[in-house]
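# Structural features, examined
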Amino acid sequence: DYLWHNINDGRLLYWYIDGDNLKGYQFLGYTMGPPWRVATTFDSDGSGRPAIVYYNTSTGVVRIIQQDNATVLGQYDLADTVSSPWSVVAAAEVVADTDDELLLYNPATGQILYWNVTGPTRTNGALYANTQDTSLAYKLVSAKTDFNNDGLADILWHNPTPTGAFSVWFMNGLTRLGTGSFTPFSATDPVWLVVGSANIW
């Protein structure tokens, strides 16, 4: 399914998806307006339910809202805050446990850091060995899609302007197995931004 966030008034909207078919939609019963932004969704407790991860761009606070089909089950703030230029950008299954880890990105250095969290506590974390090229303003847009059909989730990067170039890191946990890149036939219209990826078919 797809989650939409209206950054102006803070509303959240679910699209329920079957392949490329919109089966229905539902607004969530709460709002989170500026300076809060939805950073990602992740399985916070091994339940299989996608918790919503908010990031406060002013204070660096990360808030987890646990929910099930638009019903809030609980919420808490992480004990650790995020300092600029780092920001929470995605979630992935990095370590072999039952839940996801949060990914932080530093666009100044190209470094990725994962946080393994249990409830509000960061239990551990580490930097990825590889860094992204900072000569282009790449944004990390997905870390959960398998692009090469090896059963492992990969990382997708996008440089919105001026080239619209995409970069893929083929991953196995923290280990980068290889890379790939492609560029659209023409530069990406700056109005459009790649915000995620999904296995639709």
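In short, a report on the structure. (Residues numbered from 1 in each chain as written. Predicted model: local features only at pLDDT ≥ 70, side-chain atom pairs only at ≥ 80, totals over all residues. Heavy atoms only, no water.)

## Quick notes on the overall build of the protein
Across its full length, the protein carries zero helices and 15 strands. For the protein, whose C-alpha radius of gyration is 17 Å, the value lies close to the compact-globule estimate of 17 Å for 201 residues. Seen through its C-alpha atoms, the protein measures out along the principal axes to roughly 40 × 40 × 35 Å. Burial status across the protein gives 41% buried among its 201 residues. Taking the contacts inside the protein whose residues are at least 6 apart along the sequence as the reference set, 34% of them involve residues at least 24 apart. On the protein, roughly 10,700 Å² of surface is accessible, and the fraction owed to carbon and sulfur atoms is 52%. For the protein, the centre of its 9 positive side-chain charges and the centre of its 19 negative side-chain charges are spaced 7 Å apart. (Helix = DSSP H or I, 4+ residues; strand = E, 2+ residues; numbered from the N terminus. Rg over C-alpha atoms; globule rule 2.2 N^0.38 Å. Buried < 20%, exposed > 50% of the residue type's maximum accessible area, 1.4 Å probe, protein only. Contact = heavy atoms within 4.5 Å. Areas by Shrake-Rupley, 256 points an atom, 1.4 Å probe, with all protein chains shown as cover. Lys, Arg positive; Asp, Glu negative; His and termini not counted. Charge placed at Lys NZ, Arg CZ, Asp CG, Glu CD.)

## Digging into a nonpolar patch on the surface
The grouping of Leu22, Tyr25 and Phe27 at the surface amounts to a nonpolar patch, some 330 Å² of accessible area in total. Locating Phe27 in the fold gives a position in strand S3 (residues 21-27). (Patch = residues over 30% accessible without salt bridge, like charges linked within 9 Å, V, L, I, M, F, W, Y side chains within 5 Å. Salt bridge = Lys/Arg side-chain N within 4 Å of Asp/Glu carboxyl O.)

## Details of the sheet that holds S3
Two modes of strand pairing occur in sheets, parallel and antiparallel, and in both the strands are linked by backbone hydrogen bonds. With respect to topology, three strands assemble into an open sheet ordered S1-S2-S3, the strand pairing being antiparallel. For this open sheet the edge positions go to strand S1 (2-5) and S3, each flanked by a neighbour on one side alone. Each strand of the sheet is rotated relative to its neighbour by a mean of 20°, with strand direction disregarded. In the sheet, S1 pairs with strand S2 (residues 12-18) via four bridges, with the strands oriented antiparallel. Each bridged residue has a counterpart across the sheet, and for His5 the counterpart in S2 is Leu12. (Pairing = 2+ DSSP bridges. Axes fitted to C-alpha atoms, helices over the stretch in contact; angles between N-to-C directions.)

## Focus on the environment of Val82
Counting through the fold element by element, Val82 comes out in the loop between strand S7 (71-77) and strand S8 (87-92). With relative accessibility at 6%, the residue Val82 sits in the buried group. Taking the C-alpha atoms as reference points, Val82 and Tyr55, separated by 27 residues in sequence, lie 8.7 Å from one another. Sequence-distant contacts of Val82, that is, excluding residues within four places in its chain, are made with Tyr55, Gly60, Val62, Ser87, Val88, Leu104 and Trp115.

## Some remarks on the environment of Leu104
Tracing the backbone through its elements, the reader meets Leu104 in strand S9 (residues 101-106). Overall, the relative accessible area of 2% leaves Leu104 in the buried class. In this structure the C-alpha to C-alpha distance between Leu104 and Leu152, which are 48 residues apart in sequence, comes to 20 Å. Discounting residues that sit within four places of it in the chain, Leu104 has contacts with Val82, Trp86, Ser87, Val88, Val89, Gln111, Ile112, Leu113 and Trp115.

## Considerations on the packing of aromatic side chains
Inspection of the entire model under this criterion finds seven aromatic pairs. Measuring from ring centre to ring centre gives 6.4 Å for Trp36 and Tyr54, while their planes differ by 85°; the resulting arrangement is edge-to-face. Residue Trp36 is found in strand S4 (residues 36-43), and its partner Tyr54 is found in strand S5 (residues 50-56); the two are separated by 18 residues along the sequence. Like Trp36, the residue Tyr54 is buried in the burial classification. Grouped by ring-pair contacts, the aromatic residues Tyr2, Trp4 and Trp15 constitute a single cluster. Arg176 extends its terminal NZ or CZ atom over the ring of Trp169, reaching a point 4.8 Å from the ring centre. (Phe/Tyr/Trp six-rings, centres within 6.5 Å; stacked < 30°, edge-to-face > 60°. Lys NZ or Arg CZ within 6 Å of the ring centre and 35° of its normal.)

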